[in-house]
Each structure stands twice: as C-alpha cells, then as structure tokens.
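# Understanding the architecture of this molecule
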Amino acid sequence: MAIEIPDDPAAARAALNAIRAEMEQALKMREAEESLAEFVKQAWHVLEPAEPLLWNWHLDVLCIYLQAWYDGVFQRGIANVPPGTMKTLLVNVMAPAWRWVHKPSERFLTMTNSAALATDTSVKMRRIILSDWYQGNWGSRFDLSRDQAEKVHFNNSKTGSRQSLGFESDITGRRVNRIIIDDSIDMKRALSDVEMASVRVKYDHAVSSRLGNPRRDGVFLIEQRSRTNDLTGHLLSKKAQTWVHLRIPMEYELETGYDILRDLGEAYAKLVPKAILTDPRTQRGDLLWPERFTREEVERLKEDLGPFSSGQLQQRPVPAVGGILRKGDWRIWGEDGWTVGRKLPLIKHAFCSWDTAFSAEDRKLAAYSAMTAWGVFWDEERRMDALLLMKVWYGRVDYPDLKAKLLAFDRELLKYENGDSHLIERKASGISMIQDLQRLPRILVRGYDPTPDGNKEARAHMAAQALRKGLVWIPNRTWARQFVEIVGEFPAGGPPCADLTDTATQAIMYLRRNTWLTYQDEAAVEFVLPDLPSNDDDYDMPEAANDSEIGTYG
C-alpha cells in the first residue's frame, strides 16, 4: 500500500515519525510475542512502574524452559530456584498472560501454598491483561468475560480460564490444560512428616488428575527445596514419568543444574546466548544474582535459615556433606588407617537402641518403629571406648508385632556373653513397652530419658560431637552405608530418617554418659560379620516398607 507523504516539510517529518513509531511498536509487539523474556521486560512497567527491572541470566533460562513447556517439548517440568529471584512473578503471572497471546483458549489451574498468594498472582495477571499496553497490542484477540470475573477465577471469550487456589483447597470446576504449582508448602510446615505427606497425597490423588488431555496437557512445579521427600523429590522418584528438572543454586557448586541443549534440543538452544546453555558460573561460590543478592546478603540469609539453608538457597535439601550427623564423620572399619586388615574388634557390651511408634499420635505423624544394635569396644587409637554399628531395622508394626520383634533381637543378643540390654526412650509409646518387658525374666531394659539432652535436633548436635571425635564406626557393608545416608538427611529427610536418627543419637548419648559401664561384664567377645554374598554392593534400601531389616551382624 502506497504511503502519501505531505509536501509540507514539517508535516512530512511528523508523518515519517509516526510511521517509524508504528513500525517500532509493531517490531516490539512481535518480539514480545516470540520471546517470553521480552514480554516480561515490556510488561514490567505495568506491575512495577516505579521500580526499574533488574535482569539476570537465570531469568532467560527460566523463560526458555517455560516456552518449551508451552510448545509441548515436554509435559512435566520442575524448576528449583532460590526465593526472591522473580520465580512467582515470571511463572505464575507473566507466563500465563503471555500464553494467552498465542492460545487464549488455554485453561489454567494455578496453586500455591497460601490462598492469599493465589489471589495476589491472579489479580496481577488480570491487571496485565487489562493494561493499555496489553490491550493495545493484543486486545482484539479476546475479551475477559463478565459472567465469570472473580479475583481467583476468570474466563475469556475464547473459552480460556484461570483458577487460582491454595494447595490445601478443594479442587472444583472444569479440567484444565495447564497446572502450575508454585511452592506447594510453606517452609514453616515443611519439616512436619504429616504436612509433607498431605502434599504428596493431594498431588497424586487430586491435582494430577485435573488435566483434560493427559497425553498433551502439562504440569509445571516451581519451588525451593525443603526436604528429600518434598514434592520435587516425590515427583522425581516416579518411575513411569519423565520430569525435566531445572536446578539453579544461589552459590555455584562446580556442577550445572541444567543443560538447555540436552533438555530442550537444538532449536531452543539457538534462542539463548551460548554462554547460558549451562550454568555460566565458573568458580565455586559464585553468586547467582550479585546485583540483587550481594555476598553480605547471602551470608545473612544463610545465618537466618540455619544449617539447612542448602534447601532454600542451594536447592539441595541436605548439604553435600550431610546434615547434622555428617556422612564424612562416620568411620568405616576396614577403610580407616589402623583398621585396614584388622579383624573386627572385641565387643565389651552389646545393646539395642529402640525408637518405638505404635500410638495414635505416632500413626498421625507417620512414624516408624526403629532399632539399631551397637557394640561398645576399646578404641586402641583413641584410647577410649567407641561404638560399632551391628544391625539396623525399621518398620510400621503394631504393639504385639513390635514386642515380638524385640524378643527376636534379644535372642540374637544372647550370642554375646554381655549382650543383654535394650535401650528404650521413656516417651508415650515407649513407657508401656518398658513396663511390659520388665515383667519378663532375663530381659534387661534401660529407659532412656531424653530431657537432659533437649529436643531431637539438640540431641543430634550433641551426638555429632562424638562422631567428629571419631568414636562411632560402621562396618564396611552396603547396608551400613545406606544407614549413614538416611540419618545424614536429618532433620530434612523423610521417614524413617528421624526414627533411625533417634536410635543413633540415643545410643551415642548412652556411651557419652558412660551409663553402660554400670552394667558391663568384664569379658569381651569377638564380633564377627558373616560372609555376605558377592552382590552385597547391589543390595538396595527398600524405598517404602512396613518391615525393613537392612543390615545385620549375623
């Protein structure tokens, strides 16, 4: 189409400027349509007119993964990023508004850990759509419906919809094309086994079935890690599903948490600078967003969040070295200096440490009963008494079965001249077991009073001191290493982590207090591990079991 330019120079310049402005606007509109990152940059002023946008490379990475998800490259995605890095605004507000530019018929269900936050994100998306900027570019493509225009549930004229709920809310309404979950649980509740189990059950039995077409529609979870059995861990453990996983820690750990070329393919790799195809940082400890989170601010966050800041900041529920009972502090007989080639030590005293769980409150907490058997021996290197792990068991059993299990283990203790003690914590369920067993002949039961040692975490910190002094050993067996892995996750690990940890800290405190000295015999007996089959290293810890004996001294 021919464009007439006025003869008057001033009018001609004005016409040319108008044409140039229109072309620039059309170009910006096209860039925003093609790139979610560009859309976010242009839409920023709608929500934050007084605050300049501070952009960072991780936002480009998040945007390209979201684009690929919307394009159907993958159906199920998980992004773990630190708090305060624009994850909610990008994933839960900007991206759905951008998606309606392309496909206004898309139906969204967005869920977060609070109803208030669900309302806030829904209102912000609606504000973007009704802005002059959005309406000027794409207002002709759809209208917001007047008959369904609630803050947390609105429709458009192309059958698209957005319903925003707290994760605990009942899910009602139509099936959807896109489920977005933004932090399924509040961090203050994340250490509760019951609360965490509720999240997993809610997803499996309610949320996952809301997709209209399971072969085409998708789920995207974005959250900071809290525990090994949080929703991220639960979804990644599923065998019949493939989840694309993006992890970006606050401080670099010399490994990449994503690979755009591997995860999304060459076409999407071409849309981002080569420098960010994987984590662009090079030095351990390099910060994610130093312009926003300085070194001083990160250190303050780590101090406030405590030893398990690794979950929220590093997206690693347990620090690499382990939790309170660090993996590297356990000594392994046969791999440690003076023990190489030596027979296992003579046991001066053998005992079982129990954590009982069969009360109504224990069932509510999804707790396990657990037992670890230990031997006290003279550590020639340290010139003091030390502990050696001899057996591990845990299970969800009722009282009669638990008592039968204890009596069976007691018969095993009879192999030792001085293996005669069962250490049971004096708590609600333990007291009845102690009283019952004390009526039986020959059974020697010691009630453990945890009060002087504080709560579970305080006891773990006290027990960790003995570990770091090198006084606690495990045999060189796969089952023992698996035990160390489990208790190393405390307090962020899922069941039976806390239950097994209780048995270990109880045993260590028993040693530290020298309580056992009152009951020991003078003789020492040889501790012998049976020859295990050659495939011992292939023996896997049961992922979920009612009764799991994961190791034994024979």
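Preceding block: the structure.
In what follows, the accompanying structure is described.

What counts and what doesn't
- Residues numbered from 1 in each chain as written.
- Predicted model: local features only at pLDDT ≥ 70, side-chain atom pairs only at ≥ 80, totals over all residues.
- Heavy atoms only, no water.
- 1 Å grid on protein atoms, 1.4 Å probe; cavity = no way out; pocket = protein on both sides within 12 Å on 5 of 7 lines; lining within 4 Å.
- Points joined across faces, edges and corners; volume = space filled by probe spheres on them.
- Nonpolar A, V, L, I, M, F, W, Y, C, P; charged D, E, K, R; others polar.
- Axes fitted to C-alpha atoms, helices over the stretch in contact; angles between N-to-C directions.
- Helix = DSSP H or I, 4+ residues; strand = E, 2+ residues; numbered from the N terminus.
- Parallel < 35°, antiparallel > 145°, perpendicular 65-115°, else oblique.
- Left-handed = near helix turned anticlockwise from the far one by under 90°.
- Contact = heavy atoms within 4.5 Å.
- Core = buried A, V, L, I, M, F, W, Y, C linked by side-chain atoms within 4.5 Å.
- Buried < 20%, exposed > 50% of the residue type's maximum accessible area, 1.4 Å probe, protein only.
- Pairing = 2+ DSSP bridges.
- Polar contact = N/O pair within 3.5 Å; in protein donor to acceptor, adjacent residues only side chain to side chain.
- Phe/Tyr/Trp six-rings, centres within 6.5 Å; stacked < 30°, edge-to-face > 60°.
- Expected span 1.5 Å × (residues − 1).
- Arc of directions from axis to C-beta.

If you walk through the whole model with that rule in mind, you get one cavity of 30 Å³ or more. Approximately 30 Å³ is the volume found for the largest cavity. Its residues assigned to classes, the lining of the largest cavity comprises two nonpolar, two polar and three charged.

What follows covers the packing of helix 4 (residues 87-102) against helix 5 (residues 115-130). When two helices pack together, their arrangement is given by the angle between the helix axes and by the axis-to-axis distance. Close contact between helix 4 and helix 5 brings their axes to 9 Å; oriented N to C, the two are set at 40 degrees. Classified by the angle their axes make, helix 4 and helix 5 are oblique. Viewed along their axes, helix 4 and helix 5 form a crossing whose handedness is right-handed. Between helix 4 and helix 5, the residues in contact are T88, L89, N92, V93, M94, P96, A97 and W100 and T121, K124, M125, I128 and I129, respectively. Considered class by class, the residues forming the contact of helix 4 with helix 5 number nine nonpolar, three polar and one charged.

Moving on to the nonpolar core. Ranked by internal contacts, the top residues of the largest apolar core, which has 66 residues, are F39, I128 and Y134. Residue contributions to this core peak at 11 residues, all from helix 3 (residues 57-70). Not counting residues within four places of it along the chain, the set of residues in contact with F39 comprises A32, M94, A97, W98, V101, I128, W133, Y134 and W138. Formed by 37 residues, the second largest nonpolar core is a distinct cluster that contains V376, L387, Y394 and L467.

An order of 3-4-5-2-6-7-1-8 is seen for the eight strands of this open sheet, with the pairing classed as mixed. Pairing within the sheet leaves two strands with one partner each, and these edge strands are strand 3 (144-149) and strand 8 (244-247). Averaged over all adjacent pairs, the angle separating strand axes in this sheet is 15 degrees, with direction ignored. Inspection of the sheet shows strand 3 paired to strand 4 (residues 153-156) by two bridges, in the antiparallel sense. Across the sheet, residue L144 finds its bridge partner in strand 4, namely N156. Sheet strands in contact with helix 4 are strand 2 (107-112), strand 3, strand 4, strand 5 (161-166), strand 6 (178-182) and strand 7 (218-223), and its direction is about 165 degrees off that of strand 6. Relative to strand 6, helix 7 (residues 193-207) is tilted by about 170 degrees, and along the sheet it contacts strand 2, strand 6 and strand 7.

Inspection of the secondary structure puts Q224 in the loop between strand 7 and helix 8 (231-236). For Q224, a relative accessible area of 9% puts it in the buried group. Looking at Q224, its side chain comes within polar contact range of the side chain of Q312, at 3.1 Å. When near neighbours in sequence (up to four residues on either side) are disregarded, Q224 contacts V81, P83, D183, M187, G311, Q312 and Q315.

The subject of this paragraph is the environment of L437. Along the chain, L437 falls in helix 15 (residues 428-438). For L437 and K403, which are 34 residues apart along the polypeptide, the C-alpha to C-alpha distance reads 8.4 Å. Aside from chain neighbours lying at most four places away, what touches L437 is K403, L406, L407, I424, I443 and V445.

Inspection of the entire model under this criterion finds 24 aromatic pairs. On the numbers, 5.8 Å between centres and 85 degrees between planes, the contact of W330 with F483 is edge-to-face. Taken together, the positions of W330 in the loop between helix 12 (309-314) and strand 9 (331-333) and F483 in helix 17 (residues 478-487) put the pair 153 residues apart, joining distant regions of the chain. As far as the burial class goes, W330 and F483 line up, both buried. Centroid distance W393 to F409: 6.2 Å. Interplanar angle 65 degrees. Geometry classified as edge-to-face. Of this pair, W393 sits in strand 13 (residues 384-395) while F409 sits in helix 14 (residues 399-413), placing them 16 residues apart in sequence. On the accessibility criterion, W393 (0% relative accessible area) is buried. With relative accessibility at 3%, the residue F409 sits in the buried group.

Where helix 2 (residues 36-47) meets helix 5, the closest approach of the two axes is 10 Å, and the angle between their N-to-C directions is 100 degrees. Considering their axes alone, helix 2 and helix 5 lie roughly perpendicular with respect to each other. Where helix 2 abuts helix 5, its residues F39, V46 and L47 lie against K124, R127 and I128. Grouping the amino acids of the contact of helix 2 with helix 5 by side-chain chemistry returns four nonpolar, no polar and two charged.

A word on helix 5. Spacing of three or four residues puts side chains on the same side of an α-helix, whose turn is 3.6 residues. Relative to the 22 Å expected for 16 residues at 1.5 Å per residue, helix 5 spans 23 Å between its end C-alpha atoms, a close match to the ideal helical length. Taken residue by residue, helix 5 has A118, T121, S122, M125, I128 and I129 as its buried positions. Projected down its long axis, helix 5 carries its buried residues within an arc of 120 degrees, all on one side.

For helix 7, with 15 residues, the first-to-last C-alpha span of 20 Å sits near the 21 Å given by 1.5 Å per residue. Of all the positions in helix 7, only D193, M196, V199, R200, K202, Y203 and V207 are classed as buried. Contacts made by the buried residues of helix 7 are with strand 2, strand 6, strand 7 and helix 8.

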